[in-house]
Amino acid sequence: MSRRSSIVIEHLRQEQMEALLKVGKRLDGRGLTDYRELKIETGLIKKAEGSALVSLGNTQVIAGVKIEVDKPFPDMPDKGLLICNAEVLPLASAYAEPGPPDEAAIELARVVDRGIRESEMIDLSKLVIKENEKVYAVFIDVSILNTDGNLFDATSYAVVSALLTTKIPKYEIINNELIKTNEFINMPINTIPISVTMAKINNSIVVDPTNEEEMCMDARVTMTVDEANRVCAVQKGERGTLSIEQIKEIINLAIYKSVDIREKIKGVVYGKEKEQ
Amino acid sequence: MGKLIQNGIRIDGRKFDELRPVKIEVGVLKNADGSAYIEFGNNKIVVAVYGPKEVHPKHMEMPDKATLRCRYHMSPFSVEERKNPAPSRREIEISKVTREALEPALILEDYPRTAIDIYVEVLQSDGGSRCAGITAAAVALADAGIGMRDMVCACAAGKVDDTIVLDISDVEDKEGQADMPVAYLPNLKQISLMQLDGKLTAEEYEECLNFALKGCLQVYEIQKETLQKRYFSEVSKSE
Amino acid sequence: MSKELYVYPGDRLATIEEFEGKEGTYEDDGIVRASITGKAIYDIKSRTITVIPFSTNVNMPKHGDIVKGLITMATPTMIEMRILYINNNKEEVNLSAIYYSKTKKDTQFRVGDLVRASVTNILNSFIHVTFRNKRLGVIYTRCHLCHGKMVRIDNALKCTECNTRDERKLAEDYGSIENILPIYSVVT
């Protein structure tokens, strides 16, 4: 059954939600700009060069980074490669179906990819072994394990955390031969981009929408903010529209919310390194 | 003496009849009707069960029983070399044998015109991921409360350096001489999965099977412990 | 007199000569075994065994259950509904249930109505429901012409937008949202 056939239920939920939003409340008791509990666990997958399991409320996402050596793109001979894929696994919800990624999953991967790429989180020019011939290819694969709204942020945090903990096996070219050394290099990090997703429901802006809220939302905006509080990637989704005032509100909210989350991710990633 | 076994100890320090460490958790996914997470050696696998639910596409619906479907899938980062996310021939075959290993244990007649979907996702793979997947799937089915004739527990045995050993690891699978995954219904004493790659004589075969069944029974105890921890301890606390 | 025991699927409970297996059990080769994880209750008086499940995730509707759902098909004598809630538990089972009657008055529904019904039986693997109770019937709907809000006027509905009047078999609490969609998670 498609979700749409339960449209009557959605209308009812929307009525309930709107009544609560008017008094500044949400169905799960949060305030409009509160995030759900964010949990991050890194280094779970030993076979991957970097990995992170993120749960944002009931949304659960796992990201793995694999490093390979590949030829650079002809138009960027001095840059490493960055490839980001996301898949909503059929085990994630009763509505997810097996098969190649659908348009929502592809949008998800591309928005997360854009946030990483445009913020220049990774210094791709340091991922070159030999210009024009061999560069490191960073494959980021994200599997969505359980969906309960806001896949964008959960995926982004998982990808960022996985990249921050990635150790690249060092390759060298000796006598025209590619040799894998036993050394590792750290991922060259410039900044930590944080994605903040907001939903517009009946003129209210809420942060970190749940699945139920996403079913009722008019519009969705994902903004990625870098460490210098610059907005570096934006995606507006769904049918609704936004006023100019709302966009201003959204930008401020995104910058404000990103600070705490960046601290949280840093705490998990660097706190763990200190322990070791 | 080969290189995989020295002085009666295997390459990862185990005895011939010793399992790798096994840990199972139940109810790890919120949306699924039943779910389980298993760490079997270095295997890390999460399993979700959805159902009984409406059958899509409709032509798969059976008027007298539930349609059982199974998907075994490996995450791209689960192996040494990144794997293409599209299902491979190997994954499709394992999906089929997993379904057939579980089907005899399920009372599908109780749920006519419905579907039961089992999704096995390998997050990190080691040797024997199909056995680990079947073991976790059986726990997830029990967690979903679907009627079962019996639990299903699975374990592999094999031949390494001319010795029969229990629970083949990744290295032993690649370098060893035979690998035999077995799934077992412990109360009804029936075998529901039986595969072999490698060469075994009739005597070796019997020994290997006995080893595998011993392993299955150990796995069964862990399955029961897991369910006990999940359900019975809660009850005794509340009482 | 009864005895209790925690059991797992496949556990041997008794022979069929000793006890009769009820819910949560099955019989194989003269032996009663558990089919679910739960608490086995041996009733010595009636000589039956029941296993009470710990996991109630399987929600196949049973006789007497109150189900809520949407009408997916409506003819003068028969309707089909899609079950969304069983006894107030949100279900993603999406099973279909049917109801048919010879009198036309009983089947006044339209596709898309949210209804409450009671399960009468499960015959030939179809779920049969009834609406013959004042608590049962349409609990919420939208206007079929303009999708406006429908309010109750006596035993009929009227659209607040386009004034369309529609006859329905209404439940007595039509339109009260709290009764229809429970909010599980709001912290007040």
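Residues numbered from 1 in each chain as written. Chains lettered and ligands numbered in written order. Predicted model: local features only at pLDDT ≥ 70, side-chain atom pairs only at ≥ 80, totals over all residues.

(A) Expanded view of the overall build of chain A. Across its full length, chain A holds five helices and 12 strands. Scaling as 2.2 N^0.38, a compact globule of 276 residues should have a C-alpha radius of gyration of about 19 Å, and chain A matches this with 20 Å. Each principal axis of the C-alpha atoms in chain A carries an extent, and together these give about 70 × 40 × 40 Å. Split into buried and exposed, the 276 residues of chain A put 45% on the buried side. (Helix = DSSP H or I, 4+ residues; strand = E, 2+ residues; numbered from the N terminus. Rg over C-alpha atoms; globule rule 2.2 N^0.38 Å. Buried ≥ 20, exposed ≤ 12 C-beta atoms within 10 Å, placed from the backbone.)

(B) Fine view of the environment of A:E263. Residues and elements named next belong to chain A. In this fold, E263 is placed in helix 5 (residues 244-275). The exposure class of E263 is exposed, given the 12 C-beta atoms found within 10 Å. Remark: the alpha-carbon pair of E263 and I192, spanning 71 residues in sequence, is separated by 9.9 Å.

(C) Representation of the sheet that holds strand 6 (residues 67-74) of chain B. Residue and element names in this part refer to chain B. The sheet built from five strands is open, its strands ordered 3-4-5-7-6 with mixed pairing. Strands with a single pairing partner mark the edges of an open sheet, and in this sheet they are strand 3 (22-26) and strand 6. For this sheet the average axis-to-axis angle between neighbouring strands, irrespective of direction, equals 15°. With eight bridges joining them, strand 5 (residues 43-53) and strand 7 (residues 115-124) adopt antiparallel strand pairing. Across the sheet, the residue bridging to I45 is V122, located in strand 7. Most of the contacts of helix 1 (residues 89-102) go to strand 6, to which it runs at about 140°, and overall it touches strand 6 and strand 7. (Pairing = 2+ DSSP bridges. Axes fitted to C-alpha atoms, helices over the stretch in contact; angles between N-to-C directions. Contact = placed C-beta atoms within 7 Å.)

(D) Region of interest: helix 1 of chain B. For helix 1 of chain B, with 14 residues, the first-to-last C-alpha span of 20 Å sits near the 20 Å given by 1.5 Å per residue. Buried residues along helix 1 of chain B sit against strand 6, strand 7, helix 2 (129-144), strand 8 (153-160), strand 10 (178-185) and strand 11 (190-194) of chain B. (Expected span 1.5 Å × (residues − 1).)

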